[in-house]
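If you want the building blocks of each chain, they are given just below.
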Amino acid sequence: MTKIKSIAIIDDDPITVFGIKRMLSTLNVSENINSYVNGKEAIDDFKSIIKNNEEIPEVIFLDINMPIMDGWQFLEEFITLPIAHKIRINILTSSIDPADRENWQYYMTRTHHIIDYKNKPIQKKEIEEITKAA
Amino acid sequence: MENRITLVRNYGRMLRETRTPSYDYLIKQLPISTVFVDKKFKIIHASDKWITDFDFAKRAVLGKSLFELFEDISKSWKKDLNAVLKGKARLTGIENFYDTQKNEKWFEWVNVPWYDEKENIIGVIIQTKDISDTIFDDIKLEKLEILLRDKSEISKIGSWEYDAVQDKLSWCKITKRIHELPEDFEPDIESSINFYKEGYNRNTIAMAVDRAMTKGIAWNETLQLITAKGKEISVLAAGKPVFKNEKFLGLIGTFKDITDEVLNKARTEEQERIFSSIFNSSYQFTGILDTEGTFLEVNDTALQFSDLKQEDIINKKFWDAYWWPIPDMVKEGLKQVVAAAAQGEFMRSEIVVLDKNKQPIPVDFSLKPIYNEDDKVVSLLAEGRMIKEMVEARQKLKISERKFRSLYELSPIAYILSDFDTGEILDFNSSFETATAYSKEDMANLKFADIIPDSSKHKLINFLEEVDSKGTYGPFEHMFTKKNGTTYPVLISGSLVGNKKGRKLLWSTAQDISEVKKKEKQIREEKKLLKTLIDNLPLNVYIKDLESRKILVNKSELIYCGLKEESEVIGKSDNDFYDEKSALISREEDLDVINSLNPILGKETISVKKDGSLTKFLTSKIPLIGPDGKANGLIGISMDISDLKQQEQELRDLINVTSIQNKQLINFAHIVSHNLRSHTANFSMLLEFLVEEKDANEQENIVRMLTEASDNLLETLDNLNEVVAISTNVNLDKKPVNLNEKIAAAEQNLAAYLKKNNAKIINNIPDDTSINVIPAYIDSILMNFITNAVKYKDDSRDPVIKLTVSKNEKYTIFSIEDNGLGIDLNKYGEKLFGMYKTFHDNSDARGIGLYITKNQIEAMNGKIMACSEVGKGTTFNIYFNDKN
């Protein structure tokens, strides 16, 4: 299994970030895991990555309910970034609001990136499935 | 005559030029008798004709004196001859003499001078013509004239004559008198023809005269002419030409006024014609018999009636005629009738005769004796008048009389015949008996006044006067008294009839109208009931005519129109009550209903009255369809549904509120579920880690995180409690509180926090500002906003919080303005008041404050709005509902 160059976790809940990081580390899929507490931090960082011609994380774990910039606002900006190859974005939320699922469907149609939707808590097995470069 | 003279003159010239004896023989042979005499009247030359004419054949005339030859020549002639010698150019005359046989001779002469070549008169040339025959004719005429004149005086026959030789027309006195002309009138042919009536008469006479002159045909015509005085008369004009030796000498004629005869003749003809037409075209059969009963005459009517000819009847006996139905039986009777009439009796009876189709026809027959001057019956006039129609009419009369009788007796209307002057009742029908219980036996003592109740006797006088002046009375309503003294209402009328004896009779009819009255009362009551019903309906009811004018309204409609009396509304249309637009719409609806005959049922309408007030109606308009199948108006029924609509709107608002609240609740539920799930998810994940973890340090770390998660869960639950409390405490009472007192309290509580942050509150709120709120909520709200204003301050400046208040119709608006960081409302506007929404990096932002505040404000029926500019500050406007 080829390792993933880098993975981003965007979530304001430190426990969730901890949990994902822990699971990823046991799976040993990537050496390079970064986390952001809201969408704005992440998008700002991604923009600078692109500016520096560095690599955008191949897999992103994205929470929806976050202060300042939530998951959907992040996606809105992300899909406009000039990223030619497919990025795997895993939405990870504890929301059971159907509106959120509808939003997911909507964004799927608008981008070439792969977007997945999972409810918390996430199992290690699921992490393994969804942590593959697109 | 002129020709002759010319000829003579030529001879004269010729002789003047060639005066030689050798011409003597020429003169001798002249065709006209001519003689040349010298100055001493000695005959120089003489034509043979002259010698013959004057019978001088046996005498030598040449060289002899004229006076020697004509011894008894008149002196006037001698004088004439001398005059010619003296140069008179020409002289003519007529002379007579007696020849050798003592015959009277007449000659006409022309004398001209005899010139020599030097123009000297050397003698006279005498030319003569024997006119003895003409003269004798003239005399004859004269004699005839005298004869006629004598006769004409008696028979009024005028005469006239025309002398063609002299072209002279002469009329006798009578002729002039017939023409109504004076005696000195001198006629000529043309003027006398012009007296005849233009056209046929004038043409006839002109042609007759012409024919007489040219062809010698006499005439005798009855013609009309117009006299000089313009009278039109008829004349018998006769005339005949007079010829002598085939020479036309003139016309003679007679002239007779026959106007009277013509008129008499015309009159007689007319009378005959009239008699004949009366006789023949008379509608009745007429015949004249002799006293023996033989037909002398019978008219066409009688012949046509029986399809006979004159010869079938004339000279036959009266009783043998075709038309008697049973000849043998009537024959004897007829003979007797004829005999009686011949004795001078006038016979008349109704009999039946047969027409040409053998149909019996009733006839009024009479036989009348006709007397002569000596009072003797000379003939009998038989007349028959067809009386079929009369007989039929009599029959009809009988039937109609029977009809009238049965009508009279069976009629439900009472008939009363009374003496107008005495009031006595003379007759009444059974209907009257039934109604009043009076019987015919009572009639003798019954007077008209008896059947009128005392209470209304005064009316009786009125109608008696009416009868007297107009001959009729009524119909009007009155009361009648029955035999038992009770009364009943009647509709009476009547008219005066005179009988043969000059008695004034009054026919009265009386219709019992008790039932009618009862019905009327019933209808009145029903009407009243209906009126009460529609007046008390909680509906506006009206009836409109085709022009949309109201012709009936109920009380509700009356009140709606703002009027008191129905009469004020009647005849008015929607234009009088509604504004232009509403009236127009209403009129269009009316027209639609009237034209289509389809009712409008339960249509929601909005009517705006002239004063601007608006009413919502549930309107029905139903066409009133007349007997012709067309609408003659409409019934309108309107229900005021303004209140209902208001309630409906409120209900709808409520539904909106609840649906919003429902949405919020679902949203809340999602939030709660999300928050609870995120914590439990963490628990589950951490516990899984803990079970697997061998490293003690790491285990401790996980346990620490579990504790942290537990704390977060508790906090979440606290927050949820707080929110649920607001939502469940809807029954907390609102009360008026002084806003400034509450602000002061909050300031007090936050004094340390404000001081620490160098914050300043500028309160511009009037001290008397009171708001209607739940006191606990206003405390929380004030704390929250003031805290937020400081919490999200701009580090570059000290926080300043401005508090102001304003009012509108429904709300007291409390504004909190800060100079903090501000929020990008374009980005976060939707989420500003959402649960767990935070917008700044502050670690103590929980995203619950504004959510709770908003819930509290909404729980008090208020609302909140925000405006903000990043880097300048935020203003929250809180709308406190003043009412509830």
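If you're wondering where the values come from, they're calculated on a predicted model, not measured in any experiment.

### So, the overall build of chain A
Link 1 in the chain: Along its length, chain A carries 5 helices and 5 strands.
Link 2 in the chain: From first element to last, N terminus to C terminus, chain A shows the α and β order β-α-β-α-β-α-β-α-β-α.
Link 3 in the chain: By residue count, 40% of the 134 residues in chain A fall in the buried class.
Link 4 in the chain: Taking as baseline every contact in chain A between residues at least 6 positions apart, the subset at least 24 positions apart corresponds to 81%.

### Thoughts on the overall build of chain B
Link 1 in the chain: Tallying secondary structure elements over chain B gives 27 helices and 32 strands in all.
Link 2 in the chain: Burial status across chain B gives 24% buried among its 884 residues.
Link 3 in the chain: Taking the intrachain contacts of chain B between residues at least 6 apart in sequence as the baseline, contacts between residues at least 24 apart amount to 47%.

### Structural notes on the interface of chain B and chain A
Note on interface size: it is often stated as the accessible area lost on association of the parts.
Link 1 in the chain: At the junction of the two partners, chain B supplies 18 residues and chain A supplies 15 residues.
Link 2 in the chain: Of all the elements in the fold, those that place two or more residues in the side of chain B that touches chain A are helix H21 (642-692) and helix H22 (696-728) of chain B.
Link 3 in the chain: Ranked by residues supplied to the side of chain B that touches chain A, first place goes to H21(B) with 11 residues.
Link 4 in the chain: Here the side of chain B that touches chain A is composed, by residue class, of 9 nonpolar, 8 polar and 1 charged.

### A word on the sheet that holds strand S16 (residues 414-419) of chain B
Whether parallel or antiparallel, the strands of a sheet pair through hydrogen bonds between backbone atoms.
Residues and elements named next belong to chain B.
Link 1 in the chain: Pairing is antiparallel across the open sheet formed by 5 strands, whose spatial order is S17-S16-S20-S19-S18. The strands lining the two open edges of the sheet, one partner per strand, are strand S17 (425-428) and strand S18 (472-481). This sheet shows a mean twist of 30° between the axes of neighbouring strands, independent of strand direction.
Link 2 in the chain: Where strand S19 (residues 487-498) lies against strand S20 (residues 504-512), 9 bridges are found, and the strand directions are antiparallel. The partner of Val-490 across the bridge, within S20, is Asp-512.
Link 3 in the chain: The strands touched by helix H16 (residues 457-470) within the sheet are S18, S19 and S20, with S18 carrying the most contacts at an inclination of about 155°.

### Overview of H16(B)
Residue and element names in this part refer to chain B.
Link 1 in the chain: If you check H16, its first and last C-alpha atoms are 20 Å apart, about what 14 residues at 1.5 Å a residue would give, namely 20 Å.
Link 2 in the chain: Little of H16 sits out of view: just 0 of its 14 residues are buried.
Link 3 in the chain: Positive backbone phi, at 90°, marks Gly-471, one or two positions downstream of H16.

### Brief notes about the sheet that holds strand S25 (residues 631-640) of chain B
Residue and element names in this part refer to chain B.
Link 1 in the chain: Pairing is antiparallel across the open sheet formed by 5 strands, whose spatial order is S22-S21-S25-S24-S23. Sheet topology places strand S22 (550-553) and strand S23 (600-608) at the edges, where each strand pairs with a single neighbour. On average, adjacent strands in this sheet sit at an angle of 30° to one another, irrespective of strand direction.
Link 2 in the chain: Across 9 bridges, the pairing between strand S24 (residues 614-625) and S25 is antiparallel. Counted as the bridge partner of Pro-623 is Leu-634 from S25.

### Comments concerning the nonpolar core
Link 1 in the chain: Within the largest apolar cluster, 29 residues are counted, with the highest numbers of intra-cluster contacts made by Ala8(A), Ile10(A), Ala42(A), Ile60(A), Phe61(A), Leu62(A) and Phe74(A).
Link 2 in the chain: Those elements that provide at least two residues to this core are strand S1 (7-10), helix H1 (14-27), helix H2 (39-51), strand S3 (59-62), helix H3 (71-78) and strand S4 (88-93) of chain A.
Link 3 in the chain: Setting aside its immediate chain neighbours within four residues, Ala42(A) contacts Ala8(A), Ile10(A), Tyr36(A) and Phe74(A).
Link 4 in the chain: With 23 residues, the next largest nonpolar core counts Ile774(B), Leu782(B), Ala789(B) and Val790(B) among its residues.

### Comments concerning the packing of H1(A) against H21(B)
Link 1 in the chain: Packing of H1(A) against H21(B) brings their axes to within 10 Å, and their N-to-C directions diverge by 40°. By the angle between their axes, H1(A) is oblique relative to H21(B). The hand of the H1(A)/H21(B) crossing is left-handed. Residues Ile15(A), Thr16(A), Gly19(A) and Arg22(A) of H1(A) lie in contact with H21(B), whose contacting residues are Asn682(B), Met685(B), Leu686(B) and Phe689(B).
Link 2 in the chain: The residue inventory of the contact of H1(A) with H21(B), partitioned by class, reads 4 nonpolar, 3 polar and 1 charged.

### Notes on the pairing of strand S32 (residues 873-881) of chain B
Residues and elements named next belong to chain B.
Link 1 in the chain: Here strand S30 (residues 811-818) pairs with S32 via 7 bridges, running antiparallel. Paired with Ile-816 across the strands is Phe-876, a residue of S32.
Link 2 in the chain: Relative to S32, strand S31 (residues 863-869) runs antiparallel, the two being bridged by 7 bridges. By the bridge assignment, Ile-864 is partnered in S32 with Ile-878.
Link 3 in the chain: Connecting S31 to the antiparallel partner S32 that follows it, the hairpin turn spans 3 residues, and Gly-871 within it adopts a positive phi of roughly 90°.

### Focus on the confidence of the model for chain B
Residues and elements named next belong to chain B.
Link 1 in the chain: Overall, the prediction assigns chain B a mean pLDDT of 82, with 90% of residues at 70 or greater.
Link 2 in the chain: Per-residue pLDDT stays below 50 along residues 1-20; that stretch engages in 24 contacts with residues further than four places along the chain or on separate chains.
Link 3 in the chain: Across the predicted assembly, pTM comes out at 0.41 and ipTM at 0.85.

### Concerning the packing of H2(A) against H3(A)
All names here are of chain A.
Link 1 in the chain: Where H2 contacts H3, the two axes come as close as 9 Å, and the packing angle between them is 20°. By the angle between their directions, the pair H2 and H3 is classed as roughly parallel. In this structure, the crossing between H2 and H3 has a hand that is right-handed. In this structure, H2 contributes Gly-39, Ala-42 and Ile-43 to the contact, and H3 contributes Gly-71, Gln-73, Phe-74, Glu-77 and Phe-78.

### Here's the deal with the environment of Phe876(B)
Residues and elements named next belong to chain B.
Link 1 in the chain: Take Phe-876: it is sitting in strand S32.
Link 2 in the chain: Of the residues examined, Phe-876 has 23 C-beta atoms within 10 Å and is grouped as buried.
Link 3 in the chain: Once the C-alpha coordinates of Phe-876 and Leu-803 are considered, the two residues, 73 residues apart in sequence, prove to be 10.0 Å apart.
Link 4 in the chain: Among residues more than four places away in sequence, those in contact with Phe-876 are Phe-785, Ile-816, Ile-864 and Ala-866.

### Let's talk about helix H27 (residues 849-859) of chain B
Residue and element names in this part refer to chain B.
Link 1 in the chain: Here H27 lies mainly inside the structure; 8 of its 11 residues are buried.
Link 2 in the chain: Buried within H27 we find Leu-850, Tyr-851, Ile-852, Thr-853, Lys-854, Asn-855, Gln-856 and Ile-857.
Link 3 in the chain: In the stretch just after H27, Asn-861 is the one whose phi turns positive, near 65°.

Conventions adopted
Within every chain, residues take consecutive numbers counted from 1 along the sequence as written. Labels follow written order: the first chain is A, the first ligand is 1, and so on. Only residues with pLDDT of 70 or above have their local features reported here, since the model is predicted, and side-chain atom pairs are shown and tallied only from 80 upward, although totals for entire chains, interfaces and linings are computed over all residues. Here a helix means four or more residues in a row that DSSP labels H or I, a strand means two or more in a row labelled E, and each is numbered from the N terminus. Burial is judged by counting the other C-beta atoms within 10 Å of a residue's own C-beta: 20 or more makes it buried, 12 or fewer makes it exposed, and any count in between marks it as partly exposed, with every C-beta position built from the backbone. Contact definition: two residues whose C-beta atoms, as placed from backbone geometry, lie within 7 Å. The residue classification treats Ala, Val, Leu, Ile, Met, Phe, Trp, Tyr, Cys and Pro as nonpolar and Asp, Glu, Lys and Arg as charged. All others, Gly included, are polar. Note on pairing: two strands pair once DSSP finds at least 2 bridges between them. Axis definition: a line fitted to C-alpha atoms, limited for helices to the stretch in contact. Angles are taken between N-to-C directions and run from 0 to 180 degrees. How far a helix is expected to stretch is found by multiplying one less than its residue total by 1.5 Å. Note on terminology: a nonpolar core is a set of buried residues of type Ala, Val, Leu, Ile, Met, Phe, Trp, Tyr or Cys, with members joined through C-beta atoms within 7 Å. Should an angle fall under 35 degrees it is called roughly parallel, over 145 degrees roughly antiparallel, and 65 to 115 degrees roughly perpendicular, with every other angle called oblique. Helix crossings are classified by the rotation of the near helix relative to the far one: an anticlockwise turn of less than a right angle makes the crossing left-handed, while a clockwise turn makes it right-handed. pLDDT is a residue-level measure of predictor confidence that goes from 0 to 100.

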